[in-house]
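Summary of the model geometry
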Amino acid sequence: MNIAIIGTGYVGLVSGACFAELGNKVICVDNNEGKIKDLTNGIIPIYEPGLEQLVKRNYRQKRLFFTTSIKEAVMKSKVIFIAVGTPSKDNGDANLRYIEEVSRSIACHMNNYKVVVEKSTVPVETNTWVKYIMKLNNHKVDFDVASNPEFLKEGSAIDDFMHPDRIVLGVESEKAKNLLVKLYEPLKAPIVVTNIQSAEIIKHASNSFLAAKISFINAVANICEQVGADIEKVAEGMGMDTRIGKSFLKAGVGYGGSCFPKDVKAFIRIAEKLGGEFGLLKEVEKINENQRKLIFNKIEKALWILNAKTIGVLGIAFKPNTDDIRSASAIDLIKMLQDEGAHVKAYDPKAMDHARSILPNVEFCKNPYHVAKGADALVIVTEWDEFKKLNLSKIKKLLKHKIIIDGRNIFDPKKMKQMGFRYSSVGRPV
Ligand SMILES: NC(=O)c1ccc[n+]([C@@H]2O[C@H](COP(=O)([O-])OP(=O)(O)OC[C@H]3O[C@@H](n4cnc5c(N)ncnc54)[C@H](O)[C@@H]3O)[C@@H](O)[C@H]2O)c1
């Protein structure tokens with residue numbers, strides 16, 4: 001099938017490369033000329049495990065193409081996915097200006113029947129607006145709109161795309177449904193077919209539910225910490241109940257990234273606009289914000305005054321195996337530390353290039369040992385495997401004080417104590 005993907009970011013590039021791998025001809029479009037130039041020169045603009053090989057192979061085999069021209073992509077394709085960003089506005093609403101821009105553009109260049117599919121995460125009823133704006137700009141050519149929210153996770157995006165738990169299709173015509181079902185058939189995954197509004201809500205509700213699970217376990221962790229209980233065991237015991245499930249019960253510094261924070265906000269706003277209030281989600285957000293402060297408080301508790309102290313931060317990406325730092329906990333934490341006058345040294349295996357531009361006063365180091373050297377305390381913010389395998393004896397020698405604050409519970413508190421560290425983690429007895 002001939003497909004266009006508008007927006008070649010984390011979702012667009014992964015989806016495009018995967019659809020090409022399944023044998024389709026895919027044109028990826030982006031209005032960022034530098035990004036498209038890099039991609040045509042074999043430079044992959046983001047880090048995602050396995051993506052480079054997948055993109056290069058499909059580009060070489062002429063199933064994957066890159067362009068800045070929406071016109072070319074629209075004219076040559078039957079199915080057009082919109083995968084542009086939907087960031088938060090200051091009031092929490094999703095900013096849909098890129099969606100609107102692209103919808104108008106698609107409409108202007110349609111030469112025959114197309115299915116225009118919303119893959120970006122959008123508030124319910126966005127597709128109604130997409131359809132309206134497209135009709136306003138082209139009332140001659142027949143088209144369908146559809147919603148196909150994406151559930152991939154950065155860090156395991158290719159595997160998630162190729163082996164999804166489910167595929168959600170919000171459609172309003174048999175023709176669009178048949179085309180999309182055929183496109184996804186090779187994945188042999190369960191397909192939920194529904195109306196467009198339900199598909200849009202499935203995505204917001206899923207992300208908000210997962211964020212709620214994280215905040216829930218963090219709230220429980222804070223109780224554990226006060227009474228000598230161990231959140232890891234509590235989560236294990238809870239997660240074995242199949243009604244609860246094990247995933248997303250990991251206490252830590254809270255959720256971040258380009259999806260959960262903005263999607264929770266947007267869902268709260270939708271409820272408000274419809275005349276209701278999603279108090280539960282407001283609490284989820286509040287717990288998450290407090291969790292970030294909690295790590296800062298632990299650093300203060302260990303060092304008292306932070307002015308002129310050196311704090312080593314391990315991990316900047318919002319989670320391991322990605323270079324994405326959007327709404328990452330580390331950014332907030334580093335800013336809080338700097339506001340108190342601390343000097344921050346930091347290391348991340350993949351995210352430092354992105355971090356440099358928004359954290360100008362941080363001393364970026366070439367490895368975790370350089371971060372530890374002379375630092376008053378070391379803080380773990382992202383649970384990269386590399387950090388789990390640290391030579392702790394070496395770290396101990398390099399640190400000025402043997403203080404480690406582990407925001408991701410990657411070390412065993414007993415062992416850390418035996419080694420002579422002043423170790424503090426989330427929701428576990430020392
Ligand atoms: N990142 C994830 O893990 C993930 C997972 C599921 C869903 N989503 C959703 O998918 C959407 C995209 O997310 P992302 O992380 O890929 O964003 P991104 O910022 O990485 O990519 C968006 C791309 O769209 C391009 N773009 C913007 N306006 C354009 C235009 N007019 N024409 C062509 N290109 C344009 C940008 O240059 C950028 O490259 C969002 O709605 C997000 O919530 C993201």
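Predicted, not measured: the structure shown is a model, and the values here were computed from it.

**A word on the site of the ligand**
- Around the ligand, the surrounding shell holds 26 residues, and the nearest of these are Gly7, Gly9, Val11, Ser120 and Thr121.
- Breaking the shell around the ligand down by element, the ones donating at least two residues are α1 (10-21) and α5 (97-109).
- Looking at the shell around the ligand, its residues break down into 10 nonpolar, 11 polar and five charged.

**What about the domain arrangement of the protein?**
- Taken domain by domain, the protein comprises domain 1 (2-194) and domain 2 (209-424).
- Each partner contributes to the interface: domain 1 provides 15 residues, whereas domain 2 provides 15 residues.
- When the residues that make up the side of domain 1 that touches domain 2 are grouped by side-chain class, the tally is eight nonpolar, four polar and three charged.

**Some remarks on the pairing of strand β4 (residues 79-82)**
- Of the two faces of β4, both are covered, the one formed by Val79 and Phe81 as well as the one formed by Ile80 and Ile82.
- Two elements, strand β1 (residues 2-6) and β4, share four bridges in a ladder whose sense is parallel. The partner of Ile3 across the bridge, within β4, is Val79.
- Examined bridge by bridge, β4 and strand β5 (residues 114-118) share four bridges and lie parallel to one another. Residue pairing across strands places Phe81 opposite Val117, the latter belonging to β5.
- Crossover β4 to β5 through α5 is right-handed.

**Description of helix α11 (residues 260-273)**
- Relative to the 20 Å expected for 14 residues at 1.5 Å per residue, α11 spans 20 Å between its end C-alpha atoms, a close match to the ideal helical length.
- In terms of residue burial, α11 counts as a mostly covered element, since 10 of its 14 residues are buried.
- Taken residue by residue, α11 has Phe260, Pro261, Lys262, Asp263, Val264, Lys265, Ala266, Phe267, Ile268 and Ile270 as its buried positions.
- Where the residues of α11 are buried, they touch α9 (196-227) and α12 (279-303).
- Following α11 by one or two positions, Gly275 has its phi on the positive side, about 90°.

**Observations concerning the environment of Ile82**
- Structurally, Ile82 can be placed in strand β4.
- Taking the C-beta count within 10 Å as the criterion, Ile82 has 26 such neighbours and is therefore assigned buried.
- C-alpha of Ile82 to C-alpha of Lys282: the two residues are 200 residues apart in sequence and 29 Å apart in space.
- Apart from residues lying up to four places away in sequence, Ile82 is in contact with Ile6, Gly7, Ile99, Val102, Val116, Val117, Glu118, Lys119 and Ser120.

Basis of the calculations
- Residues numbered from 1 in each chain as written.
- Predicted model: local features only at pLDDT ≥ 70, side-chain atom pairs only at ≥ 80, totals over all residues.
- Near = placed C-beta within 6 Å.
- Helix = DSSP H or I, 4+ residues; strand = E, 2+ residues; numbered from the N terminus.
- Nonpolar A, V, L, I, M, F, W, Y, C, P; charged D, E, K, R; others polar.
- Domains from an automatic or database assignment.
- Contact = placed C-beta atoms within 7 Å.
- Buried ≥ 20, exposed ≤ 12 C-beta atoms within 10 Å, placed from the backbone.
- Pairing = 2+ DSSP bridges.
- Right-handed = clockwise from strand over helix to strand, strands pointing away.
- Expected span 1.5 Å × (residues − 1).

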